[in-house]
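# Architecture at a glance
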There are 2 protein chains.
Amino acid sequence: MKTLSDEQKQFLLSTIRDVPDFPKKGILFKDITTLLNHKEAFTLLMDHLHERYQEYELDYVAGIESRGFIFGAALASRLGVGFVPVRKRGKLPYTTVSEKYALEYGVDEIEIHIDAFRGTNKKVLLIDDLIATGGTALAAAKLIKKVNEELVEACFILDLTFLNGKEKLLPHTQVYSVLEIV
Amino acid sequence: MKTLSDEQKQFLLSTIRDVPDFPKKGILFKDITTLLNHKEAFTLLMDHLHERYQEYELDYVAGIESRGFIFGAALASRLGVGFVPVRKRGKLPYTTVSEKYALEYGVDEIEIHIDAFRGTNKKVLLIDDLIATGGTALAAAKLIKKVNEELVEACFILDLTFLNGKEKLLPHTQVYSVLEIV
């Protein structure tokens, strides 16, 4: 099950709900809460990630706030490795390093604790629920490298491939998407 | 391991970092990121929760945004049950029910999707990282009951017992805290 069959992908996609005009007019939001509360779907997805990443000999899984926490912590716990949160500005209590990224209007900023990883040159997987334009993921990838860790791969449950986010990340890390919307 | 030994509790507590004056002057913040990135600690904690709750025959684990997502999703995935996020106002894309709760100054509001649980009278565990005064947890407990589910227990990794949050919850549900700060 290192890659899912087309049928399995179709099944997972069928559990994701489209919500029109959220968070604002014109955006078709991909609601993954209907995948999470479907135990067969959530289990299939996590079994797949577990099987894929157990061969990577990871030291850490880093998840992006806040839906990345869900998949990242579940995977870290299954693999028996540490979990590291990448958070929006002002949420982490200790000394952080931060990275800005562009929004449609203006900029936003994410942070990681300066001592987020114990030791150095640890093997890190970055995970988030969705990659769209890739701005947040790129900032998170840079943060992990800033604190001197080896970013082994960036993993997304859903890739909106028409927004080309993956292209932004490829100079920095491998990318794996479980599901794609073309 | 249905209850941890005093030594195991001391070990887990030793991995939680105190950060003074966060988020504001005078508050001693309990930073659980140093437990999460300590793989022996995170694994011990999740093994304990897994063992405790596998006998409860849960249908769902509900986690409170956003640190409750970490423990809740990890536990749900280990148990093979669904995960349901309880979120701050405006974050959930579909129709929600909401509950207000008091802050030191003013009020805040959390929400759950109206169809968060598939079916009715499902057995739900509520989880968050920490219980202080219990306002958020009480609101979350009410939400789960509002959508007509059986709230089996509320679980916290850390209970600041001197703030008596547990008392607020006990009329509504059982409460279990892994660690206590008295």
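Residues numbered from 1 in each chain as written. Chains lettered and ligands numbered in written order. Predicted model: local features only at pLDDT ≥ 70, side-chain atom pairs only at ≥ 80, totals over all residues. Heavy atoms only, no water.

## What to know about the overall build of chain A
Scanning chain A from terminus to terminus reveals 6 helices and 9 strands. A compact globule built from 182 residues should have a C-alpha radius of gyration of about 16 Å, and chain A, at 16 Å, falls within 12% of that. Dimensions along the principal axes, computed over C-alpha positions, put chain A at roughly 40 × 40 × 30 Å. When burial is assessed residue by residue, chain A has 57% of its 182 residues classed as buried. Look at the contacts in chain A between residues 6 or more apart in sequence, and 57% of them connect residues 24 or more apart. A gap of 4 Å separates the mean positions of the 23 positive and 26 negative side-chain charges of chain A. (Helix = DSSP H or I, 4+ residues; strand = E, 2+ residues; numbered from the N terminus. Rg over C-alpha atoms; globule rule 2.2 N^0.38 Å. Buried < 20%, exposed > 50% of the residue type's maximum accessible area, 1.4 Å probe, protein only. Contact = heavy atoms within 4.5 Å. Lys, Arg positive; Asp, Glu negative; His and termini not counted. Charge placed at Lys NZ, Arg CZ, Asp CG, Glu CD.)

## Here's the deal with the interface of chain B and chain A
Contact residues are listed per partner, giving 42 residues for chain B and 42 residues for chain A. For the pair chain B and chain A, the two sides together bury roughly 3300 Å², of which 55% comes from carbon and sulfur. It is N37(B), P93(B) and R118(B) that lose the most area in chain B upon contact with chain A, and together they represent 19% of the buried surface on that side. On inspection of chain B and its partner chain A, the count reaches 2 salt bridges. Among the ionic pairs, D115(A) bridges to R17(B), the shortest N-O distance being 2.7 Å. Taken together, chain B and chain A are joined by 18 residue pairs in polar contact (both at pLDDT 80 or more). Listed by contribution, the elements that provide at least two residues to the side of chain B that touches chain A are β1 (17-20), β2 (28-31), α2 (33-36), α3 (39-53), α4 (67-79) and β4 (82-88) of chain B. (Buried area = accessible area lost by both parts, 1.4 Å probe. Salt bridge = Lys/Arg side-chain N within 4 Å of Asp/Glu carboxyl O. Polar contact = N/O pair within 3.5 Å; in protein donor to acceptor, adjacent residues only side chain to side chain.)

## As for unusual backbone geometry
In this model, E65(A) is joined to S66(A) through a cis peptide bond whose omega is -10°. Among the structural elements, S66(A) can be located in the loop between β3 (60-64) and α4 (67-79). Between F22(B) and P23(B) the backbone carries a cis peptide bond, its omega angle lying at -5°. Looking at the secondary structure, you find P23(B) in the loop between β1 and β2.

## Some points on the confidence of the model for chain A
Overall, the predicted model of chain A reaches an average pLDDT of 96, with 99% of residues at or above 70. Across the interfaces of the predicted complex, the ipTM metric reaches 0.97, alongside a pTM of 0.97. (pLDDT = per-residue confidence, 0-100.)

## Details of the sheet that holds strand β3 (residues 60-64) of chain B
Residues and elements named next belong to chain B. Ordered by their spatial adjacency, 7 strands build an open sheet running β5-β6-β4-β3-β7-β8-β9, and the pairing between neighbours is mixed. Edge positions in the open sheet fall to β5 (96-102) and β9 (174-181), since each of these has one partner strand only. With strand direction ignored, the average angle separating the axes of adjacent strands in the sheet is 20°. Pairing analysis gives 5 bridges linking β3 to β4, with the strands arranged parallel. Within the sheet, the bridge partner assigned to G63 lies in β4 and is P85. This element, helix α5 (residues 135-146), spans β3, β4, β5, β6 (107-113), β7 (123-131) and β8 (150-160) of the sheet and lies at about 155° to β5. (Pairing = 2+ DSSP bridges. Axes fitted to C-alpha atoms, helices over the stretch in contact; angles between N-to-C directions.)

## Here we look at the packing of helix α1 (residues 6-14) of chain A against helix α3 (residues 39-53) of chain A
Residues and elements named next belong to chain A. At a minimum axis separation of 10 Å, α1 and α3 run at an interaxial angle of 130°. When the interaxial angle is binned, α1 and α3 end up oblique. Crossing of α1 over α3 shows left-handed handedness. On the side of α1, the interface is formed by Q8, F11 and L12, while α3 contributes E40, A41, L44 and L45. Among the residues making up the contact of α1 with α3, the classes are represented as 5 nonpolar, 1 polar and 1 charged. (Parallel < 35°, antiparallel > 145°, perpendicular 65-115°, else oblique. Left-handed = near helix turned anticlockwise from the far one by under 90°. Nonpolar A, V, L, I, M, F, W, Y, C, P; charged D, E, K, R; others polar.)

## Considering the packing of aromatic side chains
Tallying each qualifying case throughout the model produces 8 aromatic pairs over all chains. Aromatic pair F22(A) and F29(A): ring centres 5.1 Å apart, planes at 80°, arrangement edge-to-face. The class for F22(A) is buried, based on a relative accessible area of 15%. With a relative accessible area of 13%, F29(A) lands in the buried category. Positioned above the aromatic ring of Y94(B) is the side chain of R17(A), whose terminal nitrogen or guanidinium carbon lies 3.6 Å from the ring centre. Taking NZ or CZ as reference, R52(B) lies 3.6 Å from the ring centre of Y176(B), over its face. (Phe/Tyr/Trp six-rings, centres within 6.5 Å; stacked < 30°, edge-to-face > 60°. Lys NZ or Arg CZ within 6 Å of the ring centre and 35° of its normal.)

## Things to note about α4(A)
Residues and elements named next belong to chain A. Here α4 is 13 residues long and its end C-alpha atoms lie 19 Å apart, about the 18 Å a rise of 1.5 Å per residue gives. Of all 13 residues in α4, 11 are buried, a share of seventy percent or more. Every buried residue belonging to α4 is among G68, F69, I70, F71, G72, A73, A74, L75, A76, S77 and R78, and all of these are buried. A positive phi of about 75° marks G80, the residue just after α4. (Expected span 1.5 Å × (residues − 1).)

## A closer look at the nonpolar core
Formed by 72 residues in total, the largest nonpolar core has its most connected members in L49(A) and L49(B). Setting aside chain neighbours within four positions, we find L49(A) in contact with L75(A), I127(A), C155(A), I157(A) and V178(A). (Core = buried A, V, L, I, M, F, W, Y, C linked by side-chain atoms within 4.5 Å.)

## Quick word on the pattern of salt bridges
Under the defined criterion, the tally for this structure stands at 21 salt bridges over all chains. Two residues, E153(A) and R52(A), come together in a salt bridge whose shortest N-O distance is 3.1 Å. Within this pair, whereas E153(A) is found in strand β8 (residues 150-160), its partner R52(A) is found in helix α3, the two being separated by 101 residues in sequence. Comparing E153(A) with R52(A) shows no difference in burial state: the two are buried. Here E99(A) ties to K146(A) by a salt bridge, and the two come within 3.2 Å at their closest N and O atoms. Of the two residues, E99(A) is situated in strand β5 (residues 96-102) and K146(A) in helix α5 (residues 135-146); the sequence distance between them amounts to 47 residues. Salt bridges sharing partners connect three or more residues here, namely R17(A), D31(A) and D115(B).

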